[in-house]
2 protein chains.
Amino acid sequence: MIFLKKYKTLIIYSISLALLFLLLKLGEYRLLIIDHSFEIYAGSIALLFLLLGIWLSRRIFAPKKEISIIETEKIVEKQVFITAPVPFVLNEKALSATDISSRELEVLELIAKGMSNQEIAGSLFLSVSTIKTHIANLFFKLEVTRRTQAVEKAKKLSIIP
Amino acid sequence: MIFLKKYKTLIIYSISLALLFLLLKLGEYRLLIIDHSFEIYAGSIALLFLLLGIWLSRRIFAPKKEISIIETEKIVEKQVFITAPVPFVLNEKALSATDISSRELEVLELIAKGMSNQEIAGSLFLSVSTIKTHIANLFFKLEVTRRTQAVEKAKKLSIIP
DNA sequence: TTATAATTCATACTTAAGTATGAGCCGTTT
DNA sequence: AAACGGCTCATACTTAAGTATGAATTATAA
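### Side note on the overall build of chain A
Move 1: In terms of regular secondary structure, chain A is built from 9 helices and 0 strands.
Move 2: When the helices and strands of chain A are listed from N to C terminus, the series reads α-α-α-α-α-α-α-α-α.
Move 3: Expressed as a percentage of the 161 residues in chain A, the buried residues total 17%.
Move 4: Taking contacts inside chain A between residues at least 6 apart in sequence as the whole, the part at least 24 apart equals 57%.

What follows is the structure, encoded as structure tokens:
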């Protein structure tokens, strides 16, 4: 029975071909009796094989079930991430809309980590003055007045994780 | 020329069909001469139309480019859900482990919203002094020294969304 | 080449945040 | 009743954060 399942498609094809050749032979004998129906016969063959070709093609080239299952599984995998640590996808549209520069973004990320201006300055090898400038520009661009607000807004906009 | 482009596929199909019927007719006349080649002729028609069927089918039922783009867009839509608001589940174990009181938690939530001490005081009908005390206790319990750190840690512990 | 924007830094000032300490009030537990 | 913890508030101080302004440098686009 497992054998039948495994070669199911092959068997179907074989039987179909056998039946078609049988029809061909049958038609041949009928042709001997009614001589005038040749065109009808040829047309029938043409139509039959045309349909067979279409059917075969759909069977062979149609997206296989296995593939579609794999694709579904891929989507499921993505959904699994919803409850797991969420993979961060940067909202580039929001980022460009806010007009935040790359350096400002760096500073913003460090602010979000809870670092002080001094720590950020040390981390980026910059002076505290520079950090303050960047932060002031960030606040203007994010339309906020405090670093906690900046973090909150940036997270909402998916600019930072 | 736009007309040609628009109906390109249709024209190709029409010409193909016309050629095939021409072949059929040609074959018919040849059949009158060589009578014995009937089987070959029928087989040829069968093969021809089989191939035509396969070709047609591939043309018609092949995954269209537009569809594949739509499918890609669908995947993007799913990714949007990943970034969508994740249902918050409070980690009660972590909360009790930190020994944070209900009032302190309230303050912490407002800090996370980006509010200043003054705003929090106004929101909870308390003095700024009280807020500062709560925050100092919060920092001690969360083992941090800055409010941004407190928010970061509390979010990691799932004490706040 | 000039204009523009990003990046850097500084000074001076204001305000908010954070620290330390003490104390009063209230409900629960021992 | 006394002790305890949570909540409240205050004062005084230190430090960090935030604001405003100006300026030099550098790379890139017009």
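### Remarks on the protein's contact with DNA strand C
Move 1: Surrounding DNA strand C, one finds 22 residues, the nearest of these being Ser101, Leu126, Ser127 and Ser129 of chain A together with Ser116 of chain B.
Move 2: Counting residues per element, the ones that place at least two in the surface near DNA strand C are helix H6 (102-112) and helix H8 (128-142) of chain A together with helix H7 (117-124) and helix H8 (128-142) of chain B.
Move 3: Among the elements that take part in the surface near DNA strand C, H8 of chain B stands out by supplying 5 residues, more than any other.
Move 4: A per-class count over the surface near DNA strand C returns 4 nonpolar, 12 polar and 6 charged.

### Here's the deal with the packing of H6 of chain A against helix H9 (residues 147-156) of chain A
Residue and element names in this part refer to chain A.
Move 1: Remark: H6 packs on H9, axes separated minimally by 10 Å, with the N-to-C direction vectors making an angle of 105 degrees. One element, H6, and the other, H9, form an angle in the roughly perpendicular class. In contact with Leu108, Ile111 and Ala112 of H6, H9 contributes Arg147, Ala150, Val151 and Ala154.

### Description of the confidence of the model for chain A
All names here are of chain A.
Move 1: The predicted model of chain A averages 71 in pLDDT, with 50% of residues at 70 or higher.
Move 2: Throughout residues 1-11 the model reports pLDDT below 50, and contacts reaching past four residues in sequence, or to other chains, amount to 0 contacts.
Move 3: Here residues 62-84 scores under 50 on pLDDT; set against residues more than four positions off or in separate chains, the count is 10 contacts.

### Some details on the protein's contact with DNA strand D
Move 1: Among the 22 residues in the neighbourhood of DNA strand D, the closest are listed as Ser116 of chain A together with Ser101, Leu126, Ser127 and Ser129 of chain B.
Move 2: Sorting the residues of the surface near DNA strand D by element identifies helix H7 (117-124) and H8 of chain A together with helix H6 (102-112) and H8 of chain B as the ones contributing at least two each.
Move 3: With 5 residues, H8 of chain A is the largest single contributor of residues to the surface near DNA strand D.
Move 4: Its residues placed into classes, the surface near DNA strand D shows 4 nonpolar, 12 polar and 6 charged.

Scoring rules and cut-offs
- Residues numbered from 1 in each chain as written.
- Chains lettered and ligands numbered in written order.
- Predicted model: local features only at pLDDT ≥ 70, side-chain atom pairs only at ≥ 80, totals over all residues.
- Helix = DSSP H or I, 4+ residues; strand = E, 2+ residues; numbered from the N terminus.
- Buried ≥ 20, exposed ≤ 12 C-beta atoms within 10 Å, placed from the backbone.
- Contact = placed C-beta atoms within 7 Å.
- Near = placed C-beta within 6 Å.
- Nonpolar A, V, L, I, M, F, W, Y, C, P; charged D, E, K, R; others polar.
- Axes fitted to C-alpha atoms, helices over the stretch in contact; angles between N-to-C directions.
- Parallel < 35°, antiparallel > 145°, perpendicular 65-115°, else oblique.
- pLDDT = per-residue confidence, 0-100.

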